[in-house]
Amino acid sequence: MLNIKNYINGKLVAPEAGNYLDNYNPAVGEIYGQIPNSSKEDVQKAYQAAAKAFPSWSNTTLEERSKILYKISDLILEKLDFLAVAESKDNGKPIALAKQVDIPRAASNFQFFANAITQFSSEAHESVGLNAVNFTLRQPIGVVGCISPWNLPLYLFTWKIAPAIAAGNCVVAKPSEVTPMTAYLLGKICNEAGLPKGVLNIVHGLGSTTGQAIVEHPNIKAISFTGGTKTGAHIARVAAPMFKKISLELGGKNPNIIFADCDYEKMLETTVHSSFANQGQICLCGSRILVEDNIYEKFKEDFIKKVAQLRVGNPSEKDTNIGALVSKQHLEKVKSYIDIAEKEGGKILFGGETVTVTDRENGYYLQPTIIEVKDNECKLNQEEIFGPVVTIMSFKTDEEALTLANEVKYGLSATIWTNNLNRTMQFAKQLQTGIVWVNTWMLRDLRTPFGGTKESGVGREGGFEALRFFTEPKNICIKYE
Ligand code: NDP
C-alpha cells in the first residue's frame, strides 16, 4: 500500500481527522494506496501556511522566484521516468504517453513561467494636456486556489500552480482525488528545489468536501479551476457572492471539420490521434468528426482501417496505444453513451466493446469506438463523453459545416482541414470556440491564450493571460505641475 500525505507548510502531513480514501490502479482495477480525505480543518491549515508565506514570497525578487521555478522544472525532468510510471499507474494512460507528453509538459510549465515572469510588464498612460501620468501595478492577489482534473494530472495541476507562484501568490491546491500521486510527488520536488515553505500547499480529498472548502474559504480570493461544466457552474455560484476572481476551463465537444481539399494522409493520421489520444480523455479531443460528403465514404473506410490497428492494452507495454480508462465509474459512463447511440439510431462502425487484457482482467479497457450519427441534435453529438468514442457525419456545404460545428453548448476548440485560404479565414472568424487549429491538432505554444467560450469556460490561461489572472491591476495616477 502506498499512502500519500498532504503537503502543508513544506511538510508532508497526515489529515487531521485521520480519514483516507482508496486509490485505484485502473489498469488492474485494484486499490494500491490511500490518500487523505481532507477536511475543512486541513484546508484551513493549508490556508494559514499560505497566508503566512505570502508577505515574504510576494516580495521575493523575480530572479529568485524564476530560479526556483527553473529548479523545479529541472527536477521534474531528472525524475521523468519515475513520474511517468507513477502517472500511468494512477491514471491508466500508456507510460510512453506520460513520458512523451504529460511529464515534459509539466516541466515546461515551470520553465515557461520562470521565464515569463521576468518579461511580464504593466502599462503606463500619460494623460497628455492634463499634467498627469498613470501607471498600473500588477500585484499578486494573495492566497489563491487551484483545482485540477484527472485526465492530465501533473500537466494541468502545474499549468495553474506555476503562473500563480511566479506572480507572487501563495497557493492552496487540490488535484483530482482519482489521480493524486504526481501532485504528492510534486510537493517533495518543491522542497528539493528550495521553494519556501507555505508557498505551495497541496490538500488531497473529494471535490465535494476538500474542493468545496477551498472554494468557500472567504480569504482564498481567486479560484483557477479545470474540470467539468457542471462543477464549474457550481463553483461560479459559490464564488460569486464573495466576489472571487474565477478562471474556469471546462468541457468540450469539439468539431473536427474535414474538407476534400485537405492534405488527406496528414489529416487521417492526425484525426486518429485527435480522436483517441489519452483514451479520448482530453478536453480538446475532436469528438465530432464532420466530413465533406464527396470524401465521406472513403474517409470512413480509411479511418476504420487505421483505428482497427490501435492496440488497447497494458499501459506499461511500449506498443500500447490505448490504455485503461481512469475509473470503473467513468468506464460505465462512457459505455452508457454507446448504449444511448444504439437507441438513438446511431450506427457503431467500429468498437463499442470492453476489452479484457491478459493479467489485467479487472482493468477498465474499452475499444476505440466510431459511431455514425444521422443528425447533430442527438445526445452523442451534444454531450461530452470524454472517452474513446467519436461520432462521424457528413456535410455538403461550408455553411452547413459551420452550423453543425457551432450548434452545441460548448465552445472550446475546433480543427479544420483545408488548403483553401478563404475558407480557413471564414471558419477561423466564425467558429464559436476559443481555439481553432488549421491543418493540425493540439499544437501548443504556451504564450497563446488558452480556453473556451460558451459553456466551455470563463477566462483564458496561458502566457501573460495567466499572469494577468493571478495579479490584481492597480492604477496609480500622479498629477504634476
Ligand atoms: P470534475 O469537474 O468532476 O472535477 C475537477 C476537479 O474539481 C477535481 O479535482 C474534483 O475533485 C474537483 N471538484 C469536484 N466538485 C467540486 C466542488 N464542489 N468544489 C470544488 N472542487 C470540486 O471533472 P473531472 O475530474 O471529471 O475532469 C473531466 C472534465 O474536465 C471534463 O469535462 C473535461 O472536459 C474537463 N477538462 C477541461 C479542460 C480545459 O482546459 N477546458 C482540460 C481538461 C479537462 P474530485 O476529483 O475529488 O471529485
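These figures come from a predicted structure and were not determined experimentally. (Residues numbered from 1 in each chain as written. Predicted model: local features only at pLDDT ≥ 70, side-chain atom pairs only at ≥ 80, totals over all residues. Heavy atoms only, no water.)

Trainee: I'm lost on the pattern of salt bridges in this one. Help?
Mentor: Close approach of charged atoms lets side chains of opposite charge pair. Overall, the coordinates contain 17 salt bridges when judged by the stated rule. Between K298 and D302 there is a salt bridge whose closest N-O contact spans 3.0 Å. Pair noted here: K298 and D302 are both in helix α10 (residues 296–308), with a separation of four residues, about one helical turn. Here E465 and R468 are joined by a salt bridge, their closest N and O atoms 3.7 Å apart. One end of the pair is E465 and the other is R468, both in helix α15 (residues 463–469) and three residues apart, which spans about a single turn. (Salt bridge = Lys/Arg side-chain N within 4 Å of Asp/Glu carboxyl O. Helix = DSSP H or I, 4+ residues; strand = E, 2+ residues; numbered from the N terminus.)

Trainee: Honestly, helix α7 (residues 207–216) in this entry has me stumped. Any pointers?
Mentor: Among the residues of α7, T210, G211, Q212, A213, I214 and V215 are the ones counted as buried. Packing partners of the buried residues in α7 comprise α1 (40–57), β8 (143–147), β9 (170–174), β11 (222–226) and α8 (229–239). (Buried < 20%, exposed > 50% of the residue type's maximum accessible area, 1.4 Å probe, protein only. Contact = heavy atoms within 4.5 Å.)

Trainee: Sorry if this is basic, but what is going on with the sheet that holds strand β15 (residues 347–350) here?
Mentor: Remark on secondary structure: sheet strands pair via backbone hydrogen bonds, oriented parallel or antiparallel. Pairing is mixed in the open sheet, where seven strands are placed in the order β15-β16-β17-β14-β13-β19-β20. The open sheet has two free edges, formed respectively by β15 and β20 (435–438), since each of these has just one partner strand. Each neighbouring strand pair of the sheet contributes to a mean axis angle of 25°, computed without reference to strand direction. Relative to strand β19 (residues 413–417), strand β13 (residues 255–258) runs parallel, the two being bridged by three bridges. The partner of I257 across the bridge, within β19, is I416. (Pairing = 2+ DSSP bridges. Axes fitted to C-alpha atoms, helices over the stretch in contact; angles between N-to-C directions.)

Trainee: Explanation requested: unusual backbone geometry in the structure shown.
Mentor: Phi is mostly negative for residues that are not glycine, and the peptide bonds are mostly trans. Residues other than glycine seldom take positive phi values, yet N278 does so here, at roughly 55°. You can see N278 is positioned in the loop between α9 (264–276) and β14 (288–292). Unusually for a residue other than glycine, N439 sits at a positive phi of about 60°. Position of N439 among the secondary structure elements: in the loop between β20 and β21 (453–454).

From the geometry alone we can't say anything about function, so treat these as descriptive.
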